[in-house]
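Given next are the chains, with one letter for each unit.
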Amino acid sequence: MFARCLRIAVTLALAGLAAAGARADWHRADTDHFVIFSDGSARELERFAQDTERFDALLRQFFRLPASAGGENRLTIYAVRSTDEIARLMGRGETSIAGFYRSRGEGSFAVTNRERTNTKFALSGQTTLFHEYAHHFMFRHLTAAYPAWYVEGFAEYFSTVEFDKQGRWDLGKPAYHRARSLLGNHRLDLDQLLFGTTEGMTRIEVDLYYGRAWMLVHMAMSDPEKGRQLQGYLRDFANGVEPRVAAERNFGSLDDLEETLENYVNESLRFRSSSTPLPYEGRLDIRTLSGPEGDLVDLRLERLMETDLERTREELLELAAESPAHAGVWYELALTELALSRSVDAADGDKEGGDERRESEEVGDDPDAPSPQQLVHEAAARQAIEKALAADPQHVRARVEQVRFQMRDLTRADDLTTRSWSPLRQALLEAHRTDPRDPQPLFVFYDSFRQTGLAAPDIARTAIGQAFTLAPESSRLRMAYVNDLVAHDEIPRAIALLKALAYNPHGGGGALEFLEELEDHLAERTSAETGTGQQTEPTAP
């Protein structure tokens, strides 16, 4: 009897271990504006997809943008089971991260969690997703520049929206997850909020910055007079008025504004409610991902976050052996090998710096003086790309990576001749015709002229402009387009596009300094042209 019980216990333990190591069962939802992967049920995913589309529609209503029937690139969202899973993906022991968003040339994506919070003071996955999508939406659809505090306050204000099953909404509900910092003993004065940045702040100070920004936006949304003041301030800010001048011109005394804000924190907050449903009647296709498709979701996420690249590669090799005709598996394996190549000299554990590096160094970029180990990974990536194209000759991203490798070979051989590069440029244009919504063929086509030291011809300039239009949230594409505009002396247009990046509260990677150089250059040139100020030749920015 004891032996039989022992056998049962061992069997159950082994089954538990197998389940723990098993991949999640994924569902995929395709809507007008999103591709959503969820490891939950199909019914839960349907409601989640509808609410996410309703949130997009609500933002369009607010900014008076026309409804879109899906004629733009969609955001990919991964909805995982818990904050523990997010912590694992990010390589961190903490479990307080409810979700995040990454903007890449490869394709922007967001990660959120599905677990229910056990208190209203906890930050939920949906609130985090809506906050991050508000940022994505502003970069994607709005051309004006906004101050950092407003970008965060606006995202916080909209993030707490709630929809019922019919699509009716409550907007402006309390951000209870900011209550601890707002009602605590820490203080953040209005000057720091309006004219400072979060750089160098402690975690509690950053939380207070977000909370105070939310309160100021909430106050303006709830009071018509304050709302008019805010709109005037934003208009002046976007037109280049010095931030303090813009604030005092529209809000009046900043001391009085700070006192009003302090009192507002302790008031009973009002929120807006809609009696009219906001329906979603667009595309909603949900399917279960089986076989390699389901496995690829897990492995792609782990590759994107560089969770454990060596293990990810080994699992992809096993998957490729099981599904040798699946182009997506080979392509993902190639990207993993390239990520391993980039990580050879990277600092261990620097996830924040690593993500900034991943945005500035795309998957196919050529490393300077590659080490022998990097060349091993590169060779494996090349082989995987060839197998991806053998399985699917129309795989656009695999074709782009193949061309990048061929460009790399020509550069290393010091062959910059048009005769050698023209066929590769033609291949990129063919890839663009295969998928006109993919910005990567256009960007690599444009960049090929920079790599060979040639001025971009009109067709290349059109290409980078089109690539930026397809993914304006990508800082790399935005900077490439800005640099092209500067090279062709279109400084006002370059400044307008650079402002959104320079005032990005999450950092603009030197964009603010570049913006100041361009503005100084434009001011000097304008002064010289109008005959005011010192008559000097304008200097290049």
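## Remarks on the overall build of the protein chain
Broken down by element type, the protein chain carries 23 helices and 9 strands. Out of the 541 residues in the protein chain, the part that is buried amounts to 51%. Restricting to contacts in the protein chain with at least 6 residues of sequence separation, those with at least 24 account for 67%.

## A word on the pairing of strand β4 (residues 99-102)
Across the two faces of β4 the burial is the same, with Gly99 and Tyr101 and Phe100 and Arg102 all buried. Inspection of the sheet shows β4 paired to strand β5 (residues 109-113) by 4 bridges, in the antiparallel sense. Paired with Phe100 across the strands is Val111, a residue of β5. Counting the residues that bridge the hairpin from β4 to β5 gives 6 residues, and of these Gly107 lies at a positive phi of roughly 140°.

## Thoughts on the sheet that holds strand β6 (residues 162-163)
Ordered by their spatial adjacency, 3 strands build an open sheet running β6-β7-β8, and the pairing between neighbours is antiparallel. Across the chains shown, the open sheet's two edge strands, defined by having one partner strand only, are β6 and β8 (272-273). The sheet contact formed by strand β7 (residues 169-171) and β8 spans 2 bridges and is antiparallel. Note that in β8 the partner of Asp170 across the bridge is Ser273.

## Quick look at the sheet that holds β4
Pairing between the strands of a sheet comes from backbone hydrogen bonds, and it takes one of two forms, parallel or antiparallel. An order of β4-β5-β3-β2-β1-β9 is seen for the 6 strands of this open sheet, with the pairing classed as mixed. A single partner strand is all that each edge strand has here, and the edge strands are β4 and β9 (284-289). Pairs of neighbouring strands in the sheet enclose a mean axial angle of 15°, with direction left out of account. As paired elements, strand β1 (residues 26-31) and strand β2 (residues 34-38) share 4 bridges and run antiparallel to each other. Considered in β2, the bridge of His27 is made with Ser38. Packed onto the sheet, helix α12 (residues 292-305) meets β1, β2, β3 (75-80), β4, β5 and β9 and runs at close to 100° relative to β3.

## As for the pattern of salt bridges
Within the structure shown, the criterion is met by 44 salt bridges. Where Glu332 meets Arg303, a salt bridge forms, and the shortest distance between an N and an O atom there is 2.6 Å. Pair noted here: Glu332 is in helix α14 (residues 327-343) and Arg303 is in helix α12, with a separation of 29 residues, a long-range link. Like Glu332, the residue Arg303 is buried in the burial classification. Shared partners join several salt bridges into a network, and the residues in it are Arg81, Glu85, Arg88, Glu302, Asp308, Arg311 and Glu315.

## Quick word on the environment of Ile459
Considering the arrangement of structural elements, one finds Ile459 in helix α20 (residues 458-470). Sequence separation between Ile459 and Tyr446 is 13 residues; the distance between their C-alpha atoms is 8.5 Å.

## A closer look at a negative patch on the surface
A cluster of acidic side chains, namely Glu513, Glu516, Glu517, Asp520 and Glu524, defines a negative patch on the protein surface. Note on placement: Glu516 falls in helix α23 (residues 511-530).

## What about helix α16 (residues 372-391)?
Taking 1.5 Å per residue as the helical rise, α16 with its 20 residues ought to reach 28 Å, and the 29 Å between its terminal C-alpha atoms agrees with that figure. Taken together, the buried positions of α16 are occupied by Gln374, His377, Glu378, Ala381, Ala384, Ile385, Ala388 and Leu389. Seen from one end, α16 has its buried residues packed into an arc of 135°, which puts them on one side. What points out from α16, more than 90 degrees from its buried face, is the exposed set Pro372, Val376 and Ala390. Looking at the buried positions of α16, the neighbouring elements they touch are α13 (309-322), α14 and α17 (396-412).

## Focus: unusual backbone geometry
With a phi close to 55°, Arg64 is a non-glycine residue in the positive phi region. Accessibility expressed as a relative area gives 76% for Arg64, which makes it exposed.

Rules behind the numbers
- Residues numbered from 1 in each chain as written.
- Predicted model: local features only at pLDDT ≥ 70, side-chain atom pairs only at ≥ 80, totals over all residues.
- Heavy atoms only, no water.
- Helix = DSSP H or I, 4+ residues; strand = E, 2+ residues; numbered from the N terminus.
- Buried < 20%, exposed > 50% of the residue type's maximum accessible area, 1.4 Å probe, protein only.
- Contact = heavy atoms within 4.5 Å.
- Pairing = 2+ DSSP bridges.
- Axes fitted to C-alpha atoms, helices over the stretch in contact; angles between N-to-C directions.
- Salt bridge = Lys/Arg side-chain N within 4 Å of Asp/Glu carboxyl O.
- Patch = residues over 30% accessible without salt bridge, like charges linked within 9 Å, V, L, I, M, F, W, Y side chains within 5 Å.
- Areas by Shrake-Rupley, 256 points an atom, 1.4 Å probe, with all protein chains shown as cover.
- Lys, Arg positive; Asp, Glu negative; His and termini not counted.
- Charge placed at Lys NZ, Arg CZ, Asp CG, Glu CD.
- Expected span 1.5 Å × (residues − 1).
- Arc of directions from axis to C-beta.

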